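Residue strings, one per chain:
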Amino acid sequence: EMKWSALRVALVGVVGVAVVASGLQNGAALTPPLGWSTWNKLKCNFNADLLLVEADALVSSGMVAAGYSTLNIDDCWPLRERSSTGEIVPDPAKFPHGMRNFSDELAKRGLGLGIYTAHGALTCQRYPGSLGHEVQDATLYEAWNVSFVKNDWCWHNEPDTTTHLAAFNAMRDALAALKRPIVHSIHWNYADTPAPGCPLAASCPIPDTANTWRIGGDIKANWASIVKLIDTDTNLTAAAGPGSWNDADMLEVGNGMTEAQDQAHFTMWCMLASPLIAGNDLTNMSASTQRILTNKFAIAVNQDPRGQQARLVSSESSDTSTQAWVKDLASPAGAIAVALLNRGVDPAKVTLNLSDFEATAYDGFDVWAAQSIGAVSGSISADLPGTSAAFYTLTPKAYVE
């Protein structure tokens, strides 16, 4: 088994290409961030009152208690123009009492405020971006008690990669100069502009710039999109660790896929140590969506303090329709999480051979059934319907007897 040092080699999606990454040491996002974003369901149609209804639903659904700690306002929250002094101004029609007041209301509900910007002159919806105003904006974020900043890829039209990185790094530095850590989450345009050491069209982790970085295009609420992002993330395992996470994009749980697909989607985002940023309708959430999003055992795998992203151990068919994934856990020694994934549409048996792992016998726990499966040795298998996954944690028997 490979043992990663503090300097992680961030493998990208092309054989033989690597970037050595030390990670952004700003004290933020030591485990993957959990929250809820306005974008998937509300787009630009929100105001403070509506968002406080959503915040109340985060509380009443048990999501705050499960660890979802921020309400992230995406694009469209400010006025179209900055003030005469260059400050960005929250739209008074949406936030009549100001952003600090709104942040204080979230705090009463146990939530932090997440805010949106872009690395260019404009955001994707053509509101003011942070280019040239990074320090000014970061100072306001601190005054508003912001705890999470999404820094998007929009309206920065220079062709040179270094200018894009400089813009993202300017916000990184502005946030780092503040008195408390704030998560810096970026949408790096992974395919169109190569980062240093990474070729065009390869997903490039840049952990010296951000706590989380998007690895692919925008997620969609369909199985093909989920599988494509899993494939993009497969070779990026070494880039992940405390303070540095491959972001597979916002969750689509509850947005139209089948219950089995939602559960498999959440399984893999937990295994891949991706940020868990929900994007469903909180005020009209089904019991199954609530069950998936608040499963404490699944979230514990995502939040495991070892900070290791799962690795693909086996693809058991020529078309990789069945896969076994393993994530090493912090304790006890030798404990692992296992995902058995059926990517195809037909039922299939998926098996993980345990002979190459440290322990000879394990005590197994089914994450979704929330119950023990007893002693496990030799292998672990599941008969799965199409587009679904099984999710287990395995603890060496020496620690449970």
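Residues numbered from 1 in each chain as written. Predicted model: local features only at pLDDT ≥ 70, side-chain atom pairs only at ≥ 80, totals over all residues. Heavy atoms only, no water.

So, empty space enclosed by the protein
Think of a ball as big as a water molecule: rolled over the atoms, this probe shows where empty space is left.
Part 1: Applying the stated criterion to the full structure yields two cavities of 30 Å³ or more.
Part 2: In this structure, the largest cavity occupies an estimated 170 Å³ of space.
Part 3: Around the largest cavity, the lining comprises 16 residues; the ones closest to its centre are Phe148, Lys150, Ser185, Asp247 and Met250.
Part 4: Those elements giving two or more residues to the lining of the largest cavity turn out to be β6 (146-152) and β7 (183-186).
Part 5: Split into classes, the residues belonging to the lining of the largest cavity amount to seven nonpolar, four polar and five charged.
Part 6: The volume enclosed by the second largest cavity comes to roughly 30 Å³.
Part 7: The residue makeup of the lining of the second largest cavity, split by class, is five nonpolar, two polar and one charged. (1 Å grid on protein atoms, 1.4 Å probe; cavity = no way out; pocket = protein on both sides within 12 Å on 5 of 7 lines; lining within 4 Å. Points joined across faces, edges and corners; volume = space filled by probe spheres on them. Helix = DSSP H or I, 4+ residues; strand = E, 2+ residues; numbered from the N terminus. Nonpolar A, V, L, I, M, F, W, Y, C, P; charged D, E, K, R; others polar.)

With respect to the sheet that holds β6
Part 1: Pairing in this open sheet of eight strands is parallel, and the strands run β9-β8-β7-β6-β5-β4-β3-β10 from one edge to the other. Two strands in the sheet have a free side with no partner beyond their single neighbour: β9 (245-247) and β10 (276-278). With strand direction ignored, the average angle separating the axes of adjacent strands in the sheet is 25 degrees.
Part 2: Relative to β10, strand β3 (residues 34-37) is paired through three bridges, and the arrangement is parallel. From the neighbouring strand, Trp36 faces β10, where its bridge partner is Ala278.
Part 3: With respect to the sheet, helix α4 (residues 99-108) is in contact with β4 (70-72) and β5 (112-118), its orientation differing from that of β5 by roughly 140 degrees. (Pairing = 2+ DSSP bridges. Axes fitted to C-alpha atoms, helices over the stretch in contact; angles between N-to-C directions. Contact = heavy atoms within 4.5 Å.)

A closer look at the side chain of Asp262
Part 1: Secondary-structure assignment places Asp262 in helix α8 (residues 259-271).
Part 2: One buried charged side chain, Asp262, makes no salt bridge at all; its nearest oppositely charged neighbour is Arg291, positioned 8.3 Å away.
Part 3: Not counting chain neighbours up to four residues away, the residues in contact with Asp262 comprise Glu252, Val253, Gly254, Met257 and Ile292. (Buried < 20%, exposed > 50% of the residue type's maximum accessible area, 1.4 Å probe, protein only. Lys, Arg positive; Asp, Glu negative; His and termini not counted. Salt bridge = Lys/Arg side-chain N within 4 Å of Asp/Glu carboxyl O.)

Overview of the nonpolar core
Part 1: In this structure, Ile73, Trp77, Phe102, Phe266 and Trp269 are the most contacted members of the largest nonpolar core, which totals 88 residues.
Part 2: If we skip the residues at most four places from it in the chain, Phe102 touches Ala48, Leu51, Leu52, Leu71, Ile73, Phe95 and Leu113.
Part 3: Formed by 18 residues, the second largest nonpolar core is a distinct cluster that contains Ala324, Ile336, Ala359 and Val376. (Core = buried A, V, L, I, M, F, W, Y, C linked by side-chain atoms within 4.5 Å.)

A few points about the packing of aromatic side chains
Both the distance between ring centres and the angle between the ring planes are used here to describe each pair of aromatic rings.
Part 1: Counted according to the given criterion, the structure contains eight aromatic pairs.
Part 2: Pairing Trp77 with Trp144 gives two aromatic rings, centres 5.7 Å apart and planes at 85 degrees, and the pair type is edge-to-face. Pair noted here: Trp77 is in the loop between β4 and α4 and Trp144 is in the loop between α5 (134-143) and β6, with a separation of 67 residues, a long-range link.
Part 3: Its relative accessible area of 1% is what places Trp77 among the buried residues.
Part 4: Since its relative accessible area comes to 8%, Trp144 is described here as buried.
Part 5: An aromatic cluster is present here, built from Phe46, Phe95 and Phe102 joined pairwise through their rings.
Part 6: The ring of Tyr127 carries the charged tip of Arg80 above its face, separated from the ring centre by 3.7 Å. (Phe/Tyr/Trp six-rings, centres within 6.5 Å; stacked < 30°, edge-to-face > 60°. Lys NZ or Arg CZ within 6 Å of the ring centre and 35° of its normal.)

Quick word on the confidence of the model for the chain
Detailed reading of predicted coordinates is not advised where the pLDDT is low.
Part 1: Across the chain, pLDDT averages 90, with 89% of residues at or above 70.
Part 2: Below pLDDT 50 for its whole length, residues 1-21 participates in 52 contacts with residues either more than four positions away or in separate chains. (pLDDT = per-residue confidence, 0-100.)

Some details on the side chain of Ser37
Part 1: Within the element layout of this structure, Ser37 appears in strand β3.
Part 2: Overall, Ser37 belongs to the buried group, its relative accessible area being 4%.
Part 3: Only 3.2 Å separates the side chain of Ser37 from the backbone nitrogen of Trp39, close enough to count as a polar contact.
Part 4: Excluding residues that lie within four positions of it along the chain, Ser37 makes contacts with Asn72, Asp74, Met250, Ile277, Ala278 and Gly279. (Polar contact = N/O pair within 3.5 Å; in protein donor to acceptor, adjacent residues only side chain to side chain.)

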